[in-house]
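Take a look at the letters that make up each chain.
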Amino acid sequence: MKATALAHPNIALVKYWGKRDDALILPHQSSLSLTLSPLSVTTTVEFGVPTDAVEINGHTSKGSERERVLRLLESVRAQTKDALGPAKVVSRGDFPMAAGLASSAAGFAALAVAGRAAAGLPSDARAASILARLGSGSACRSVEGGFCEWQRGERPDGDDSFAVQRFDAAHWPDLRMVVAVLDRGEKDVKSRDGMKQTVETSPYYAAWVRDAEEEVPRARAHIARRDLQALGELCERNAWRMHSTSLAADPPLCYLNAGTLGLIQHLREHRKKGIPVWFTLDAGPNPVLLTDAANEVAAEALARACGALDVIRCVPGGDAVLKQEHLF
Ligand code: PMV
């Protein structure tokens, strides 16, 4: 009745931005991401305790975060005949929440894998991805390592909306992602609210959906050839397009700040000098730089020269895994 899993966060190379179903977290378009090592979140789940209890990074979880954890576990209960009872969940991440990397993606992926195991359900990447999706959309892409594609699906019940691994971490060991933490503050508008506002008010939203869907197979082809330049260019334009559709919302949503634009300017200068480095940007001001092993030191130096408070160097990460050691 007790199990522990470890999962890595992921960074979207083709972003997910906007839900067609808010409750089931079903996206309007497919997306594609890279799992990031060495960052990880570990989660222990035990069923059959006296009352539900959720602790994340040493704090008792409250509000919508707690509700999403309990909802995911409710879905686990619905898949077993046994009366599992209330659950205790303890989750711990090894990277700063303020880095702007969605620790919730790794957290919900670890919760889905541990929750299924604690309930005695068999290991099943697709079922775990669907389950993780109920916690946060991007979490469905953290169940497996390497490059994962979240297929939007068509069904209203979401059973065909899950992530599949296209290439494992060993496919492109030389690839590097360098997180430039320019701002440690909480963002004003959470992704969940920002994407809703964009879907409802941006006149560019339909174009975003069409374009992002078409970029996924292109990104897959660039990854298959390990073509860093083509993938870097695609990543940048996809990030710009996500931010453009958000800027066109009413009221407008601007996640970038002056530091973000300064770094992007410098990055372009570096590229003119022949350094292969591109960026992507989630719903926040901290760029993630895409480069290769030979240039990660130069990418880190670029981030620091542009005022990065922290720099986190990442490599392609592996699958979420069960662990023998529990957190309680
Ligand atoms: O799944 P959420 O609610 O963390 O939203 C993720 C949104 C982006 O990070 C901006 C894009 C993505 O695909 O991860």
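Quick caveat: nothing in here was measured; it's all calculated off a predicted structure. (Residues numbered from 1 in each chain as written. Predicted model: local features only at pLDDT ≥ 70, side-chain atom pairs only at ≥ 80, totals over all residues. Heavy atoms only, no water.)

## Details of the overall build of the chain
Right, so step 1: Secondary structure summary: the chain contains eight helices and 16 strands in total.
Right, so step 2: For the chain, the C-alpha radius of gyration of 19 Å lies close to 20 Å, the compact-globule estimate for 328 residues.
Right, so step 3: On the principal axes, the C-alpha backbone points of the chain span a range of 60 × 40 × 35 Å.
Right, so step 4: Counting every position in the chain, which comprises 328 residues, the buried fraction comes to 54%.
Right, so step 5: In the chain, the proportion of contacts linking residues at least 24 apart, taken out of those at least 6 apart, comes to 76%.
Right, so step 6: Of the roughly 13600 Å² of accessible surface on the chain, 52% is carried by carbon and sulfur atoms. (Helix = DSSP H or I, 4+ residues; strand = E, 2+ residues; numbered from the N terminus. Rg over C-alpha atoms; globule rule 2.2 N^0.38 Å. Buried < 20%, exposed > 50% of the residue type's maximum accessible area, 1.4 Å probe, protein only. Contact = heavy atoms within 4.5 Å. Areas by Shrake-Rupley, 256 points an atom, 1.4 Å probe, with all protein chains shown as cover.)

## Comments concerning the sheet that holds strand β16 (residues 321–323)
Right, so step 1: The mixed open sheet is built from six strands, whose spatial order is β8-β7-β9-β6-β1-β16. With one partner strand each, in any of the chains shown, β8 (59–60) and β16 form the two edges of the open sheet.
Right, so step 2: Of the pairings in the sheet, the one linking strand β1 (residues 2–7) to β16 comprises three bridges and is antiparallel in character. Across the sheet, residue T4 finds its bridge partner in β16, namely K323.
Right, so step 3: The sheet contacts of helix α1 (residues 63–78) involve β6 (41–47), β7 (53–56) and β9 (87–93), and relative to β7 the element is tilted by about 125°.
Right, so step 4: Across the sheet, helix α2 (residues 103–118) lies against β1, β6, β9 and β16, angled at about 35° from β6, the strand it touches most. (Pairing = 2+ DSSP bridges. Axes fitted to C-alpha atoms, helices over the stretch in contact; angles between N-to-C directions.)

## Overview of the site of the ligand
Right, so step 1: The local shell around the ligand consists of A12, K15, Y16, W17, S136, G137, S138, R141, S191, M195, D282 and A283.
Right, so step 2: At a separation of 2.8 Å, an oxygen atom of the ligand approaches a polar side-chain atom of R141.
Right, so step 3: The side chain of D282 places a nitrogen or oxygen atom 3.5 Å from an oxygen atom of the ligand.
Right, so step 4: The protein chains hide 92% of the 380 Å² of surface that the ligand would expose on its own. (Near = heavy atom within 4 Å. Polar contact = N/O pair within 3.5 Å; in protein donor to acceptor, adjacent residues only side chain to side chain.)

## A short note on the packing of aromatic side chains
Centre distance and the angle of the planes are the two values used to describe a pair of aromatic rings.
Right, so step 1: Enumeration over the complete set of coordinates arrives at five aromatic pairs.
Right, so step 2: Here W17 and Y255 contribute two aromatic rings whose centre-to-centre distance is 6.0 Å and whose plane-to-plane angle is 85°, an arrangement assigned as edge-to-face. Placement of W17 in the loop between β2 (10–14) and β3 (19–21) and of Y255 in the loop between α6 (228–247) and α7 (258–272) is noted, with a sequence separation of 238 residues between them. With respect to burial, W17 and Y255 carry one shared label: buried.
Right, so step 3: Grouped by ring-pair contacts, the aromatic residues F147, F167 and W172 constitute a single cluster. (Phe/Tyr/Trp six-rings, centres within 6.5 Å; stacked < 30°, edge-to-face > 60°.)

## What to know about the pattern of salt bridges
Right, so step 1: In this structure the tally under the stated criterion is 22 salt bridges.
Right, so step 2: For the salt bridge of R155 with D157, the shortest nitrogen-to-oxygen distance reads 2.6 Å.
Right, so step 3: Here D211 makes a salt bridge to R241, at a shortest N to O gap of 2.9 Å. Highlighted residues: D211 in helix α5 (residues 205–224) and R241 in helix α6, separated in sequence by 30 residues.
Right, so step 4: Because the salt bridges share partners, they merge into one network encompassing D211, E214, E215, R218, R237 and R241. (Salt bridge = Lys/Arg side-chain N within 4 Å of Asp/Glu carboxyl O.)

## Points about the nonpolar core
Right, so step 1: Of all hydrophobic cores here, the largest spans 46 residues; its most connected members are L13, L34, F147, M177, I223 and L290.
Right, so step 2: The element contributing the most residues to this core is α5, with seven residues.
Right, so step 3: Apart from residues lying up to four places away in sequence, L290 is in contact with L175, R176, M177, L228, L231, G232, C235, P276, V277 and W278. (Core = buried A, V, L, I, M, F, W, Y, C linked by side-chain atoms within 4.5 Å.)

## Observations concerning the packing of α1 against α2
Right, so step 1: As a packed pair, α1 and α2 sit with axes 10 Å apart at the nearest point and diverge in direction by 30°. Relative to α2, the element α1 lies roughly parallel. Pair α1 / α2 crosses with right-handed handedness. Contacts from R68, V69, L72, L73 and V76 of α1 reach α2 at F108, L111, A112 and G115. (Parallel < 35°, antiparallel > 145°, perpendicular 65-115°, else oblique. Left-handed = near helix turned anticlockwise from the far one by under 90°.)

## Overview of the packing of α5 against α6
Right, so step 1: Contact geometry of α5 with α6 gives a least axis separation of 10 Å together with a crossing angle of 165°. Classified by the interaxial angle, the pair formed by α5 and α6 is roughly antiparallel. The crossing of α5 and α6 is left-handed. Of the residues in α6, those in contact with Y205, W208, D211, A212, E215, R218, A219, H222 and I223 of α5 are A230, L231, L234, R237, N238, R241, M242 and T245.
Right, so step 2: The residue inventory of the contact of α5 with α6, partitioned by class, reads nine nonpolar, three polar and five charged. (Nonpolar A, V, L, I, M, F, W, Y, C, P; charged D, E, K, R; others polar.)

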